[in-house]
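For reference, the chains in residue letters:
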Amino acid sequence: MTTAQTQELDVQPTPLALLLLGREADPRSERGVECPGDLPSPSDPNLVERARAAKEKLGSKVFVLGHHYQRDEVIQFADVTGDSFKLARDAAARPEAEYIVFCGVHFMAESADILTSDDQKVVLPDLAAGCSMADMATAEQVAECWDVLTEAGVAEQVVPVSYMNSSADIKAFTGKHGGTICTSSNAEKALNWAFEQGEKVLFLPDQHLGRNTAVRDLGMSLDDCVLYNPHKPNGGLTAEQLRNAKMILWRGHCSVHGRFSLESVEDVRARIPGVNVLVHPECKHEVVSAADYVGSTEYIIKALEAAPAGSKWAIGTELNLVRRLANRFAPEGKEIVFLDKTVCFCSTMNRIDLPHLVWTLESLAEGNLVNRIEVDRETEQFAKLALERMLALP
């Protein structure tokens, strides 16, 4: 996989204040999450007009994708919104669009490049918009893990299942080794398929989605799961542990969803009598176990759409989406709050701001291709194979 930036940035960098979301860190979080009180003030209204003008000039040549976790000032320019895989498929369904501007993070843009035609060019407005979860599993680490499984004599029994929130390299590894990709919506189907192919699953890179699906949906026990730590010799596991395990979980997680705690659930129930707790399956197992409802981003949206007027909800997912849903359903008398008392945005997702989007659209309108995301042919071939296996799931 290679990332090509074909045009140097010809404007002043976005002020640091627009990139840093806060100064305080919560020691209970699993890894380096900054939790601010709020996002920076909305961008200069002048930028809104510039974005509209550039998008209008491009016309059907550009197709803008907006992930649910993007801030409102960016979402307003999205032609479609959704989760990462839905957006990648939407892009593939628009072959007339020369430019796909993906307002999301790096692995999402890679997936769009894999699924779109060679004539289409996928652009990420800020190359610094990565994903901490995806970065927790590198190709070198996963190759070393497979060597450990081979030495333990279990590799032939293992089928890799990789979450959509992974790099193209990890998707390609999965395809090469007979595995499939999953989303938070179809993880149960993917695991059922995998256990029809082999005796064990290596689940990458989100330990929580893997554990929650195995235990909550497939009826396994926590003892059936072991945690592979790429930073320890042999993953911190013995050959016997690997032979006895059904689920080999990679030690990765979402920095936003990983911060919700059992205390968060107990606190919101005490503060809001009768509240429904609805969380994403990337949350920790104890949080998922204590929640009333668990599901993907799309599930969360549909659940709130179907909720009766006057109902109360505490949502455990990224704050931009929670706020958007709270505003949307307030006229219907639905009370929607963020599960945790400490406000927390996805810092990498929020790197896609209006200044970056304006620069991107204006550059494209002037004929300058910037921040193109390209996946090399071999990686694309095997990653697409893994994705096609997912698409073939019943």
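Summarised in this report is the structure supplied together with it.

So, about the overall build of the protein. For the protein, the count of helices and strands is 17 helices and 15 strands. For the protein, the proportion of its 394 residues judged to be buried stands at 58%. In the protein, 70% of the contacts between residues at least 6 apart in sequence involve partners at least 24 apart. Only carbon and sulfur atoms are counted for the fraction: they give 47% of the accessible area of the protein, which is about 16400 Å².

Moving on, we get to the sheet that holds strand E10 (residues 247-250). Within the open sheet, the five strands sit side by side as E7-E6-E8-E10-E9. Their pairing is parallel. With one partner strand each, in any of the chains shown, strand E7 (180-182) and strand E9 (225-228) form the two edges of the open sheet. When strand polarity is set aside, the average angle formed by the axes of neighbouring strands in this sheet is 25°. Note: strand E6 (residues 158-163) against strand E8 (residues 200-204), five bridges, orientation parallel. Bridge pairing in E8 links Val-158 to Lys-200. Across the face of the sheet, helix H8 (residues 168-176) comes into contact with E6, E7 and E8 while running at roughly 150° to E6.

Moving on: the packing of aromatic side chains. This model, assessed by the stated rule, comprises four aromatic pairs. A ring pair is formed by Trp-146 and Phe-173, whose centres lie 5.6 Å apart and whose planes are at 80°; its orientation type is edge-to-face. Pair noted here: Trp-146 is in helix H7 (residues 139-151) and Phe-173 is in helix H8, with a separation of 27 residues, a long-range link. Comparing Trp-146 with Phe-173 shows no difference in burial state: the two are buried.

Working note: regular strand, side chains alternate between the two faces of the sheet. Counting buried residues in strand E13 (residues 312-316) gives four out of five residues, a clear majority hidden from the surface. Pairing analysis gives four bridges linking strand E11 (residues 276-279) to E13, with the strands arranged parallel. From the neighbouring strand, Val-279 faces E13, where its bridge partner is Gly-316. Taken together, the four bridges between E13 and strand E14 (residues 335-338) define a ladder with parallel strand orientation. When the sheet's bridge partners are listed, Ile-315 is paired in E14 with Phe-338.

With parallel pairing, the four strands of this open sheet are ordered in space as E12-E11-E13-E14. In this open sheet, the two edge strands, each paired with only one partner strand, are strand E12 (293-294) and E14. Each of E13 and E14 is contacted by helix H15 (residues 319-329), which is oriented at about 165° to E14, the strand it contacts most.

For the rest of this paragraph, the subject is the nonpolar core. Judged by nonpolar contacts, the single largest core of 107 residues is most densely connected at Val-101, Phe-203, Met-247, Val-279, Ile-336 and Leu-361. Sequence-distant contacts of Phe-203, defined by excluding residues within four places in its chain, comprise Val-161, Cys-182, Leu-191, Leu-209, Gly-210, Met-247, Ile-248, Leu-249 and Trp-250. Judged by nonpolar contacts, the second largest core, of 21 residues, contains Val-154, Ile-170, Tyr-228 and Ile-248.

Turning to the packing of H7 against H8, a few remarks are in order. In a packed pair of helices, the relevant descriptors are the angle between the two axes and the axis-to-axis distance. Running from amino to carboxyl end, H7 crosses H8 at an angle of 25°, the nearest separation of the two axes being 9 Å. On the basis of their axis angle, the class for H7 and H8 is roughly parallel. Judged by residue contacts, Ala-139, Val-142 and Trp-146 of H7 engage Asp-169, Ile-170 and Phe-173 from H8. In terms of residue class, the contact of H7 with H8 is built from five nonpolar, no polar and one charged.

Note the cis peptide between Leu-204 and Pro-205, where omega equals -20°. Mapped onto the elements, Pro-205 comes out in the loop between E8 and helix H10 (207-217). You will see that Asn-234, though not glycine, has its phi angle at about 55°, which is positive. Tracing the sequence through the fold places Asn-234 in the loop between E9 and helix H11 (239-244). In this structure, Asn-371 is a non-glycine residue whose phi angle is positive, near 50°. With respect to the helices and strands, the residue Asn-371 is situated in the loop between helix H16 (354-365) and strand E15 (372-374). A relative accessible area of 3% means that Asn-371 is categorised as buried.

Once that is clear, we can look at the environment of Val-64. Within the fold, Val-64 resides in strand E2 (residues 62-67). Among residues more than four places away in sequence, those in contact with Val-64 are Lys-55, Phe-77, Ala-78, Asp-79, Val-80, Val-101, Cys-103 and Leu-361.

Within the secondary structure, Thr-183 is located in the loop between E7 and helix H9 (187-197). A distance of 3.1 Å separates a polar side-chain atom of Thr-183 from the backbone nitrogen of Ser-185. When sequence neighbours within four positions are dropped, the list of residues in contact with Thr-183 reads Phe-85, Tyr-163, Met-164, Leu-209 and Met-390.

Conventions we followed
- Residues numbered from 1 in each chain as written.
- Predicted model: local features only at pLDDT ≥ 70, side-chain atom pairs only at ≥ 80, totals over all residues.
- Heavy atoms only, no water.
- Helix = DSSP H or I, 4+ residues; strand = E, 2+ residues; numbered from the N terminus.
- Buried < 20%, exposed > 50% of the residue type's maximum accessible area, 1.4 Å probe, protein only.
- Contact = heavy atoms within 4.5 Å.
- Areas by Shrake-Rupley, 256 points an atom, 1.4 Å probe, with all protein chains shown as cover.
- Pairing = 2+ DSSP bridges.
- Axes fitted to C-alpha atoms, helices over the stretch in contact; angles between N-to-C directions.
- Phe/Tyr/Trp six-rings, centres within 6.5 Å; stacked < 30°, edge-to-face > 60°.
- Core = buried A, V, L, I, M, F, W, Y, C linked by side-chain atoms within 4.5 Å.
- Parallel < 35°, antiparallel > 145°, perpendicular 65-115°, else oblique.
- Nonpolar A, V, L, I, M, F, W, Y, C, P; charged D, E, K, R; others polar.
- Polar contact = N/O pair within 3.5 Å; in protein donor to acceptor, adjacent residues only side chain to side chain.

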